[in-house]
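# Understanding the architecture of this molecule
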Amino acid sequence: MTEKVLKPFTIDFDLITGYSQAKNSTKRPLSKMKGMYADDVAFDSAIQNDDPLVYEFYELDLPETPGNLLFGTSIVYPGKVGDEYFMTKGHFHTILDTGEVYYCLSGYGAMLMENPEGDWDIQYFSPGKAVYVPPRYAHRSINLGNETLVTFFTFRADAGHDYGTIETKGYRKLVVERDGKPEIIDNPKWKE
Ligand SMILES: O=P(O)(O)OC[C@H]1O[C@](O)(CO)[C@@H](O)[C@@H]1O
Ligand SMILES: [Fe+2]
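What you see is a predicted model; the values in this text were computed from it and never measured.

This part takes up the site of ligand 1. Around ligand 1, the structure places 15 residues, and the nearest of them are Y55, G90, E100, H161 and Y163. Separating an oxygen atom of ligand 1 from a side-chain N or O atom of E100 is a distance of 2.5 Å. With the chains in place, 98% of the 380 Å² that ligand 1 exposes on its own is no longer accessible. For the shell around ligand 1, the secondary structure elements donating two or more residues are β2 (53-57), β6 (100-106) and β11 (149-156).

Put into structure tokens, the structure is as follows:
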């Protein structure tokens with residue numbers, strides 16, 4: 001079977017909102033993140049109230065081959081569940097040995113990372129900063145500000161997403177507001 005030859009193309013992403021006029025985004029309301037925030041009572045009351053949109057992102061339908069790159073914007077809205085900042089689900093790549101680059105277009109936040117060996121790290125996003133997620137690190141974007149956090153990402157197209165590990169074990173650390181400032185604490189729900 002011969003693979004379809006891709007033609008060059010151009011796509012728009014707004015520098016402030018992250019929105020594209022050319023594509024539809026994938027949206028994740030809070031109800032899609034059951035069990036991921038530490039405070040289950042605050043979670044239940046928020047989804048019963050208005051089930052806020054926590055984040056959205058653009059996925060391109062390029063062939064998932066090693067030579068292609070997937071890219072797009074990730075848009076995390078400001079907000080908290082209890083005292084924990086709005087964040088993405090986070091994932092390992094199915095091909096664990098895959099790195100990814102995120103470039104911040106607007107807003108303020110962080111990328112929280114951990115690898116299966118137990119190392120964890122946090123890097124901060126502000127406009128103009130590029131964060132490198134090395135191979136083997138699960139990654140989750142967190143909005144630590146009052147505005148929308150917009151990043152542009154790219155990674156090899158065959159890498160895949162492994163959500164199961166994070167959904168069952170959780171993250172080792174979480175970021176909460178203490179005295180008006182972000183603080184990194186151990187995740188009480190984390191399972192070895
Ligand atoms: O996969 P999550 O944690 O739900 O977050 C989605 C983001 O991660 C990506 O898969 C890139 O790593 C993007 O498609 C999107 O921005
Ligand atoms: Fe990723």
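Further remarks concern the coordination of the iron ion (ligand 2). Within the protein, H91 (NE2), H93 (NE2), E100 (OE) and H139 (NE2) serve as the donor atoms for the iron ion (ligand 2), at 2.1 to 2.3 Å. Positions of the donor residues of the iron ion (ligand 2) along the chain correspond to the pattern H-x1-H-x6-E-x38-H. Pair noted here: H93 is in the loop between β5 (84-85) and β6 and H139 is in strand β10 (residues 138-143), with a separation of 46 residues, a long-range link.

The six strands lie next to each other as β1-β2-β3-β11-β6-β9, forming an open sheet whose pairing is antiparallel. Either end of the sheet is taken by a strand with one partner, and the two such strands are β1 (26-29) and β9 (130-133). Averaged over all pairs of adjacent strands, the angle between their axes in this sheet comes to 20 degrees, without regard to strand direction. Alignment of β6 against β9, held across four bridges, turns out to be antiparallel. Residue pairing for β9: E100 is matched across the bridge by V133.

Moving on to the environment of E64. Within the secondary structure layout, E64 lies in the loop between β2 and β3 (69-76). For the pair E64 and D158, spaced 94 residues apart in sequence, the C-alpha to C-alpha distance is 4.4 Å. Apart from the residues lying within four places of it in its own chain, the contact partners of E64 are A157 and D158.

In this structure the tally under the stated criterion is ten salt bridges. Here D158 and R156 are joined by a salt bridge, their closest N and O atoms 2.7 Å apart. Judged by relative accessible area, D158 falls into the buried class, the value being 18%. Here R156 falls in the partly exposed class, since its relative accessible area comes to 32%.

A separate point is the packing of aromatic side chains. Inspection of every chain in the model, using the stated rule, returns ten aromatic pairs. Considering the side-chain rings of F9 and F71, the 6.2 Å spacing of their centres and the 15 degrees angle between planes classify their relative orientation as stacked. Here the residue F9 occupies a position in the segment before β1, and F71 occupies one in strand β3, the gap between them amounting to 62 residues. Taking relative accessible area as the criterion, F9 reaches 45% and is therefore assigned partly exposed. Residue classification places F71 among the buried residues on the basis of a relative accessible area of 18%. Ring plane angle 10 degrees and centroid distance 6.5 Å describe the contact between Y108 and Y124, whose orientation is recorded as stacked. A residue pair is termed long-range when its members are at least 10 positions apart, and Y108 in the loop between β6 and β7 (109-114) and Y124 in strand β8 (residues 120-125) qualify at 16 residues. Over the aromatic face of Y163 sits the side chain of K89, whose NZ or CZ is 5.3 Å from the ring centroid.

Calculation rules
- Residues numbered from 1 in each chain as written.
- Chains lettered and ligands numbered in written order.
- Predicted model: local features only at pLDDT ≥ 70, side-chain atom pairs only at ≥ 80, totals over all residues.
- Heavy atoms only, no water.
- Near = heavy atom within 4 Å.
- Polar contact = N/O pair within 3.5 Å; in protein donor to acceptor, adjacent residues only side chain to side chain.
- Areas by Shrake-Rupley, 256 points an atom, 1.4 Å probe, with all protein chains shown as cover.
- Helix = DSSP H or I, 4+ residues; strand = E, 2+ residues; numbered from the N terminus.
- Donors = N, O, S within 2.8 Å, 3.2 Å for Na, K, Ca; no water.
- Pairing = 2+ DSSP bridges.
- Axes fitted to C-alpha atoms, helices over the stretch in contact; angles between N-to-C directions.
- Contact = heavy atoms within 4.5 Å.
- Salt bridge = Lys/Arg side-chain N within 4 Å of Asp/Glu carboxyl O.
- Buried < 20%, exposed > 50% of the residue type's maximum accessible area, 1.4 Å probe, protein only.
- Phe/Tyr/Trp six-rings, centres within 6.5 Å; stacked < 30°, edge-to-face > 60°.
- Lys NZ or Arg CZ within 6 Å of the ring centre and 35° of its normal.

Worth remembering: the numbers are spatial, not functional.
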